Amino acid sequence: MRSIDIHAHLTPQCFIHATQAGREWHGIKPGSVRIAPRAVWTPEQRLADMKSLGVDVHVVSTGSGFYYYDRDPQTVAAMHRECNEEVHQMTVDYPDRFKGFAQIPMQDVKAAIAELDHAVNRLGLVGAMIDDKVNGRTYDEPEFMPLWKAAEQMGALMFIHQGGGTMVRQRSTRYHLPNTIGNLVDRAVTFASFVFGGVMDACPDLKICLAHGGGYTCFGIGRMDRGWQVRSEARVNIQRPPSAYLDKFYYDCLTHSESALRMLIDTVGIDKVIFGTDWPADMAIDWPVSWILSLKSLTQEEKEAILYKNLEKLLGLEK
Ligand SMILES: [Zn+2]
């Protein structure tokens, strides 16, 4: 059975080569970025690991450590261009094995649109991976609307994935909670920002994938609906309850829990759940294809939809 992984990161070789040689790279000092052991691997080493995992295609995203939305936009735009060219080269060298996401400099919306356009229309990347926030600002802010309109028009998939500190970091930095809880909190806030902010009504064809199964979105949707019913400020931008928008998003399967994945499928619909593993992070699913195939509460059709059929359709990868 085929498998296509929407959530697979890259530490760019251009960065590794520069910093291993002791050089600064677009303002990043050598040794200032934490690199997972497998992250230094070449595309060929990655392919060997994919083979052992039974994963056919990586939709490669340069890691969230390279967002740098708080730095000079021109410097970061040049950094992102170099990352995007490297991802593009992987898709050229191994067209059946790699597709790619762009990095775009979100601190400058015009520059972000320009880089997304270059990445999608010239480099053939499928969209962009972006943070849940930009220097504290959420995606219901009007300044981002031109980007959503542009992405919708390009057919670009926006993959939402936290970077830097999540909101939980302000409460506790212990026990890895900023990641294990924070990622899921941030994702629910992002869902709510898009929905309550009216972005999904303004851009009905905008394609968004929420990483980590959309975080706490599904578990919390009933309370969001209740808030919409009883509080006028929740209805400022939308005429329908938040739950009516659940199936406007895609969600990766990265829940680390069979019952949570079952709930995700039952809440958003099987056609919206796609395969994502978080390669090569320590928080990745260890044997992701085997895990999906082993789940007793999923039908064979559901497993096939998650592992490849939904992404084939979404990204035009039908064989
Ligand atoms: Zn990730």
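Up top is the structure.
The rules we used
- Residues numbered from 1 in each chain as written.
- Predicted model: local features only at pLDDT ≥ 70, side-chain atom pairs only at ≥ 80, totals over all residues.
- Heavy atoms only, no water.
- Helix = DSSP H or I, 4+ residues; strand = E, 2+ residues; numbered from the N terminus.
- Rg over C-alpha atoms; globule rule 2.2 N^0.38 Å.
- Buried < 20%, exposed > 50% of the residue type's maximum accessible area, 1.4 Å probe, protein only.
- Contact = heavy atoms within 4.5 Å.
- Lys, Arg positive; Asp, Glu negative; His and termini not counted.
- Charge placed at Lys NZ, Arg CZ, Asp CG, Glu CD.
- Polar contact = N/O pair within 3.5 Å; in protein donor to acceptor, adjacent residues only side chain to side chain.
- Donors = N, O, S within 2.8 Å, 3.2 Å for Na, K, Ca; no water.
- Tetrahedral: all angles 85-135°; square planar, octahedral: opposite > 155°, others 65-115°.
- Arc of directions from axis to C-beta.
- Pairing = 2+ DSSP bridges.
- Right-handed = clockwise from strand over helix to strand, strands pointing away.
- Salt bridge = Lys/Arg side-chain N within 4 Å of Asp/Glu carboxyl O.

Looking only at helices and strands, one finds twelve helices and eight strands in the protein chain. For the protein chain, whose C-alpha radius of gyration is 19 Å, the value lies close to the compact-globule estimate of 20 Å for 319 residues. Referenced to the eigenvectors of the C-alpha coordinate spread, the extents of the protein chain come out at roughly 60 × 45 × 40 Å. Counting over 319 residues, the protein chain shows a buried share of 55%. For the protein chain, contacts bridging at least 24 residues in sequence account for 75% of all contacts bridging at least 6. Averaged over its 34 positive side-chain charges, the protein chain has a centre that lies 3 Å from the centre of its 39 negative ones.

The subject of this paragraph is the side chain of D131. Within the secondary structure layout, D131 lies in the loop between β4 (127-130) and α5 (145-154). D131 sits in the buried class, given a relative accessible area of 4%. Among the polar contacts made by the side chain of D131, one reaches the main-chain amide nitrogen of G163 at a distance of 2.9 Å. Sequence-distant contacts of D131, defined by excluding residues within four places in its chain, comprise Y67, Y69, Y139, I160, H161, Q162 and G163.

Turning our eyes to something else, we now look at the coordination of the zinc ion. In the first shell of the zinc ion, the protein supplies H7 (NE2), H9 (NE2), H161 (NE2) and D278 (OD), at 2.0 to 2.2 Å from the metal. Considering all four donor atoms around the zinc ion, angles at the metal cover 86 to 168° and the coordination shape is irregular. For the zinc ion, the donor residues sit on a single chain with the sequence spacing H-x1-H-x151-H-x116-D. Of this pair, H161 sits in the loop between β5 (157-160) and α6 (177-180) while D278 sits in the loop between β8 (273-274) and α11 (288-294), and the two are 117 residues apart along the sequence.

The next subject is unusual backbone geometry. A cis geometry characterises the amide bond from W279 onward to P280, with omega recorded as 0°. Residue placement: P280 occurs in the loop between β8 and α11. Phi angles above zero are rare outside glycine, and N135 is one such case at about 50°. With a phi angle near 55°, H212 is a residue other than glycine that sits in the positive phi range. By the element assignment, H212 lies in the loop between β6 (207-210) and α9 (217-230).

Burial in helix α2 (residues 43-53) covers these residues: P43, R46, L47, D49, M50 and L53. Looking down the long axis of α2, one finds its buried residues gathered within 165° of arc, a one-sided arrangement. α2 presents A48 and K51 as exposed residues on the side facing more than 90 degrees away from its buried surface. Looking one or two residues beyond α2, the residue adopting positive phi is G54, at roughly 75°.

With that out of the way, let us pick up the pairing of strand β2 (residues 57-62). With six of its six residues buried, β2 lies for the most part within the structure. Going residue by residue along β2, you find V57, V59 and S61 tucked away on one face and H58, V60 and T62 tucked away on the opposite face as well. Pairing between strand β1 (residues 4-10) and β2: five bridges, direction parallel. Each residue of the ladder has a partner; that of I4, found in β2, is V57.

Where a strand is regular, its side chains alternate between the two sheet faces. Burial along β5 is two-sided: the residues L157 and F159 and M158 and I160 are all buried. Bridge analysis of β4 against β5 gives four bridges, and the strand direction is parallel. Across the sheet, the residue bridging to M129 is F159, located in β5. Crossover β4 to β5 through α5 is right-handed. In this structure, β5 lies alongside β6, joined through four bridges in parallel fashion.

Below, the discussion takes up the pattern of salt bridges. One pass over the full model with this rule turns up 13 salt bridges. In this structure, E24 and K29 form a salt bridge, with 3.4 Å as the shortest nitrogen-oxygen distance. What makes K29 exposed here is its relative accessible area of 51%. Across the pair E141 and R137 runs a salt bridge whose closest N-O atoms are separated by 3.2 Å. Counted as one network, the salt bridges with shared partners bring together R137, E141 and E143.

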